Amino acid sequence: QAKLKGRNQYVFFESLQETNKSTNIKLEYDFEHAIKNQEFIGRYQPLIGFDSDEVEGAEVLVRWQHPKLGLLQPDTFIPILEKSGQIVQLDLYMLKLAISNLNLWTDWLPDKFKLNVNVSTAGFASKEFITYLQEQHLKSAEITSRLCVEITEESLILNVDAVKKHLEILKSLNILVALDDFGTGYSSLSYLHQFSLDYLKIDKSFVDDLNEVNNKVLILDAVVNLAKALKIKTTAEGIETVEQYQKLKEIGCDVGQGYHISKPLLDTDFKCFIFHRGNPRKIA
Ligand code: C2E
Ligand code: MG
Ligand code: MG
Ligand code: MG
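Quick caveat: nothing in here was measured; it's all calculated off a predicted structure.

S.K.: Where do I start with the overall build of the protein in this structure?
M.R.: The helix and strand inventory of the protein stands at 12 helices and nine strands. Looking at the protein as shown, the accessible area adds up to about 15,000 Å², and 54% of this sits on carbon and sulfur atoms.

Here is the structure:
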């Protein structure tokens, strides 16, 4: 009986893998057309300053409106595009989308508003990405100064010299840089001072069940203070409750992001969020 069940499970597992495999091939194959067809769209998740209690920015998060498979979340296609190398093209596409929205939204965005764009390791190391930013800076330095590029710890440690060069270029262009998912990757605090970073985005796993008993408050406190000493601001990701919000504010985090503040929004809803929330309004 057990043996039979085991075998069935194995067969099931194998067919599931087959399905995944064919979906992967299909997604890679669909990519070029999807770019041309503008199937990639952005959702915008607000970033709130803990002190100001104002919308200080938003993060652009990609979705794939696939004609047959429906709305795809990044976790289902980003790893595939990273493997195929097509992620570089997507990063550039999303950067262009971000800049075009900054142009469209310029009349009603709050003064110090920044738009955060995610970039993969390959994308950040690529010449296209940096060159595009340099060109855009020449067109409008005001618009590009509203950008914050989110890179990962992996980006920092692979190809250190190229990355340092690109970080310096961004600094000269007045474009901010955030280190995303801090604490999940290589987590070596010792390399932080080597790079010019503006924000550390503390990963959601440190914000989840935040309490004194499991020492997470202690860890967060240490990270926030280390960042402060290095003149780097901190953003807490994945804030889902008012308790987490209050605790992070107490700890001295600079910026908050999460479902408690807002889910990632359609551009039209994002505009409503900015207007209706008003700046400033207290989140209790
Ligand atoms: P990320 O950059 O760390 O983005 C934060 C993720 O956490 C987003 O997932 C967001 O929807 C989710 N999130 C925010 N607040 C909460 C919360 O309170 N609770 C929970 N459970 N989740 C929350 P999403 O949109 O699925 O994106 C996943 C990852 O995909 C991103 O993680 C980022 O690494 C990557 N990604 C998204 N857009 C792009 C892009 O344009 N280019 C690249 N290269 N990667 C992207
Ligand atoms: Mg991010
Ligand atoms: Mg993140
Ligand atoms: Mg993440």
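There is more to say, and it comes next.
S.K.: Just checking my understanding: could you explain the confidence of the model for the protein for this structure?
M.R.: When pLDDT is low, close inspection of the predicted coordinates is not appropriate. In this model, the protein carries an average pLDDT of 89, and 88% of its residues clear a pLDDT of 70 or more. When the criterion is pLDDT under 50, residues 1–17 qualifies, and its contacts beyond four places in sequence or with other chains add up to zero contacts. The model gives residues 280–284 a pLDDT under 50, and that stretch makes 13 contacts with residues more than four places away or in other chains. Among the scores for the predicted complex, ipTM is 0.98 and pTM is 0.91.

S.K.: Help me out: how do you make sense of the pairing of strand 1 (residues 40–49) in this one?
M.R.: Side-chain positions along a regular strand alternate between the two faces of the sheet. Of all 10 residues in strand 1, nine are buried; the element is thus mostly enclosed. In the sheet, strand 1 pairs with strand 2 (residues 55–66) via nine bridges, with the strands oriented antiparallel. Looking at the pairing, Gln45 lines up with Glu59 of strand 2. What sits between the antiparallel neighbours strand 1 and strand 2 is a turn of five residues, in which Asp53 has the positive phi angle 60°. Bridge count for strand 1 against strand 9 (residues 255–256) is two bridges, and the pairing is antiparallel.

S.K.: Is there a simple way to explain the coordination of the magnesium ion (ligand 3) in this structure?
M.R.: Geometry sets the ideal angles at a metal, namely 109.5 degrees for four tetrahedral donors and 90 or 180 degrees for six octahedral donors. Around the magnesium ion (ligand 3), the protein contributes the donor atoms Asp180 (OD), Asp181 (OD) and Glu237 (OE), which lie 1.7 to 2.6 Å from the metal centre. Between the magnesium ion (ligand 3) and the magnesium ion (ligand 2) the interatomic distance amounts to 3.6 Å, and Asp180 serves as a bridging ligand to the pair. Using a relative accessible area of 8% as the deciding quantity, one classes Asp180 as buried.

S.K.: Sorry if this is basic, but what is going on with the packing of helix 5 (residues 127–139) against helix 8 (residues 160–172) here?
M.R.: Each pair of packed helices can be summarised by the angle the axes make with each other and by the distance between the axes. Helix 8 packs onto helix 5 with a crossing angle of 15° between their chain directions and a minimal axis gap of 11 Å. In terms of orientation, helix 5 lies roughly parallel with respect to helix 8. For the element pair helix 5 and helix 8, the recorded crossing hand is left-handed. For the pair helix 5 and helix 8, the contacting residues are Ile130, Leu133 and Gln134 in the first and His166, Ile169 and Leu170 in the second.

S.K.: Please clarify how the pattern of salt bridges should be interpreted in this entry.
M.R.: When their charged atoms lie close together, side chains carrying opposite charge are able to pair. Counted according to the given criterion, the structure contains nine salt bridges. Among the ionic pairs, Lys26 bridges to Asp30, the shortest N-O distance being 3.6 Å. Taken together, the residues Lys26 and Asp30, both in helix 1 (residues 2–36) and four residues apart, mark about one turn of the helix. Assessed through its relative accessible area of 13%, Asp30 is described here as buried. The network of salt bridges with shared partners includes Glu59, Glu150 and Lys201.

S.K.: What am I meant to see in the pairing of strand 4 (residues 114–118) here?
M.R.: As paired elements, strand 2 and strand 4 share four bridges and run parallel to each other. Residue pairing across strands places Gly57 opposite Lys114, the latter belonging to strand 4. As judged from the four bridges shared by strand 4 and strand 5 (residues 147–151), these two strands associate in the parallel manner. Its bridge partner lying in strand 5, Leu115 is registered against Leu147.

S.K.: Would you mind going over the nonpolar core with me for this structure?
M.R.: Where a protein is soluble and globular, its nonpolar side chains tend to be buried together. Counting 79 residues, the largest nonpolar core has Phe40, Leu133 and Ile151 as its most contacted members. Sorting elements by how many residues they give to this core places helix 3 (residues 87–105) first, with 11 residues. Residue contacts for Phe40: discarding those within four places in its chain leaves Phe31, Ala34, Ile35, Val62, Arg63, Trp64, Phe77, Leu90 and Tyr93. Of all hydrophobic cores here, the second largest spans six residues; its members include Leu47, Cys148, Leu176 and Val255.

S.K.: Can you walk me through a nonpolar patch on the surface in this structure?
M.R.: On the surface, Ile157, Leu158 and Tyr186 cluster together to form a nonpolar patch covering roughly 280 Å² of accessible area. With respect to the helices and strands, Ile157 occurs in helix 7 (residues 153–157). With a relative accessible area of 35%, Ile157 lands in the partly exposed category.

S.K.: Explain the layout of surface pockets to me, please; I cannot follow it from the model alone.
M.R.: In this approach a probe as big as a water molecule rolls over the atoms, and the regions it shows empty are the leftover space. One number sums up the size of the largest pocket: a volume of about 1,200 Å³. In this structure, the largest pocket is lined by 40 residues; those nearest its centre are Glu59, Leu61, Asn118, Asp180 and Asp181. Listing elements by their share of the lining of the largest pocket, those giving two or more residues are strand 2, helix 2 (74–84), helix 3, strand 4, helix 7 and strand 6 (176–182). Across the lining of the largest pocket, the residue classes break down as 14 nonpolar, 11 polar and 15 charged. At the level of elements, strand 2, strand 4, strand 7 (199–202) and strand 8 (233–236) are the ones that each hand at least two residues to the lining of the second largest pocket. Class assignment of the residues belonging to the lining of the second largest pocket gives a composition of five nonpolar, three polar and five charged.

Definitions and cut-offs
Residues numbered from 1 in each chain as written. Chains lettered and ligands numbered in written order. Predicted model: local features only at pLDDT ≥ 70, side-chain atom pairs only at ≥ 80, totals over all residues. Heavy atoms only, no water. Helix = DSSP H or I, 4+ residues; strand = E, 2+ residues; numbered from the N terminus. Areas by Shrake-Rupley, 256 points an atom, 1.4 Å probe, with all protein chains shown as cover. pLDDT = per-residue confidence, 0-100. Contact = heavy atoms within 4.5 Å. Buried < 20%, exposed > 50% of the residue type's maximum accessible area, 1.4 Å probe, protein only. Pairing = 2+ DSSP bridges. Donors = N, O, S within 2.8 Å, 3.2 Å for Na, K, Ca; no water. Axes fitted to C-alpha atoms, helices over the stretch in contact; angles between N-to-C directions. Parallel < 35°, antiparallel > 145°, perpendicular 65-115°, else oblique. Left-handed = near helix turned anticlockwise from the far one by under 90°. Salt bridge = Lys/Arg side-chain N within 4 Å of Asp/Glu carboxyl O. Core = buried A, V, L, I, M, F, W, Y, C linked by side-chain atoms within 4.5 Å. Patch = residues over 30% accessible without salt bridge, like charges linked within 9 Å, V, L, I, M, F, W, Y side chains within 5 Å. 1 Å grid on protein atoms, 1.4 Å probe; cavity = no way out; pocket = protein on both sides within 12 Å on 5 of 7 lines; lining within 4 Å. Points joined across faces, edges and corners; volume = space filled by probe spheres on them. Nonpolar A, V, L, I, M, F, W, Y, C, P; charged D, E, K, R; others polar.

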